[in-house]
Amino acid sequence: MNQGQPAISMEGVSYRYGAQTAVDDVSLTIVAGSLVALVGGNGSGKSTLLGILAGLLDPAAGAVTRATAQRPAIVFQRSAAADELPLTVKDCIAIGRFGPRRLFRPLAATDRRIVQELMERLEIDHLARRQLRDLSGGQQQRTLVAQGLAQQSDLLLLDEATSALDVAGQAIVDEVLRETTAGGTTVVHATHRRRDAQHSDQTVELAHGRVVHVEDRAGTDVIRPTRR
Ligand SMILES: Nc1ncnc2c1ncn2[C@@H]1O[C@H](COP(=O)(O)OP(=O)(O)OP(=O)(O)O)[C@@H](O)[C@H]1O
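Below, the structure is looked at part by part. Please read all numbers here as calculations on a predicted model, not as lab measurements. Numbers given to residues run from 1 along each chain, matching the order in which its sequence is written. In view of the model being predicted, local features appear only for residues whose pLDDT reaches at least 70, and side-chain atom pairs are presented and counted only at 80 or more, with totals across whole chains, interfaces and linings using the full set of residues.

Attention now goes to the site of the ligand. Using a C-beta atom placed from the backbone, a residue is described as near a molecule or strand when that atom lies within 6 Å of it. Taken together, Tyr 17, Gln 20, Ala 22, Gly 40, Asn 42, Gly 43, Ser 44, Gly 45, Lys 46, Ser 47, Thr 48 and His 192 make up the full set of residues near the ligand. Where the shell around the ligand is concerned, the elements lending two or more residues are β2 (20-31) and α1 (46-54). A per-element tally of the shell around the ligand places α1 first, with three residues. Classifying every residue of the shell around the ligand gives two nonpolar, nine polar and one charged. Secondary structure elements are taken from DSSP: a helix is a run of H or I of four residues or more, a strand is a run of E of two residues or more, and numbering for both begins at the N terminus. Only Asp, Glu, Lys and Arg are considered charged in this grouping, and only Ala, Val, Leu, Ile, Met, Phe, Trp, Tyr, Cys and Pro are considered nonpolar; every other residue, Gly among them, is considered polar.

Moving on: the environment of Gln 151. Within the secondary structure, Gln 151 sits in the loop between α5 (137-150) and β6 (155-159). When the C-alpha atoms of Gln 151 and Phe 98 are compared, they prove to be 8.3 Å apart, with 53 residues separating the residues in sequence. C-beta atoms are placed from the backbone for every residue, and two residues are taken to be in contact when these atoms lie within 7 Å. In this structure, Gln 151 is in contact with Ala 73 and Gly 96, ignoring residues within four places of it in sequence.

Turning our attention to the sheet that holds strand β3 (residues 35-39). Note on pairing: two strands pair once DSSP finds at least 2 bridges between them. The sheet built from six strands is open, its strands ordered β5-β6-β7-β3-β8-β9 with mixed pairing. Each edge of the open sheet carries a strand with a single partner, namely β5 (73-75) and β9 (210-216). Sheet twist, expressed as the average angle between the axes of neighbouring strands with direction ignored, equals 15 degrees. With axes taken as lines fitted to C-alpha atoms, and helix axes fitted only over the stretch in contact, angles between N-to-C directions fall between 0 and 180 degrees. Against the sheet, α5 makes contact with β5 and β6, and its axis sits at roughly 175 degrees relative to β5, the strand it touches most.

Our next topic: α5. Between the first and last residue of a helix there are one fewer steps than residues, each counted as 1.5 Å, and that sum is the expected span. With 14 residues, α5 should cover 20 Å at 1.5 Å per step; its first-to-last C-alpha distance of 20 Å lies within 8% of that length. Of all 14 residues in α5, twelve are buried, a share of seventy percent or more. Each residue is classified by how many other C-beta atoms fall within 10 Å of its C-beta atom, where C-beta atoms are placed from the backbone; a count of 20 or more means buried, 12 or fewer means exposed, and values in between mean partly exposed. For α5, every residue scored as buried is listed here: Gln 139, Gln 140, Gln 141, Arg 142, Thr 143, Leu 144, Val 145, Ala 146, Gln 147, Gly 148, Leu 149 and Ala 150. In the segment just after α5, Gln 152 is the residue with positive phi, at about 50 degrees.

Listed below in structure tokens is the structure:
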């Protein structure tokens, strides 16, 4: 995909849970190879919008256009599998190569290399054989980010995926995400912490399901918020 071209366009997108409108008439263009922070308070619609971008939720109204048909990689704050399955850090990242159903087939040399490189980049290689459920929240989050990256999708979606990271861990993930977008991947990171947006190319602020503010890296408004 060409960097600088639209990776995703949303036009008048809305989503409702029964009578509750969670995303309300959102129009947005996300440029390929950019790092976008989706910010807003609890219940502002970040996860729902991410679910729409992931293709997991069908909007009630509006249109979403993606430049490619690749399946997006999505990283959540926590993994239920981490609590239930006897997964090592290495296994968990390997899921990103195969999908959960093919977890226990042998890794090809290329997959092993990708898993190893990601563990090194995220500085979790010393934890490779540890059970995920025995790790700290921040160590688990680094592993889940590595799992998302292992998928090598052109669209990486993060849902509060760095909330437990300390300053050093956040700096590592910021750097890895920056490298990832430089390689052409589009990254959308939903977070309620505004400071997580400081390295993003674009910050999209949601309130009550609406885009209320969009800023580019230099701090200038680039898209007018949707009118009420
Ligand atoms: N499964 C659901 N059923 C009913 N309402 C829901 C459901 N999921 C979310 N909502 C509602 O939709 C709105 C947006 O929720 P969403 O989870 O998208 O927000 P968010 O910004 O991700 O919040 P948080 O930061 O708390 O995770 C909220 O009012 C929420 O109560």
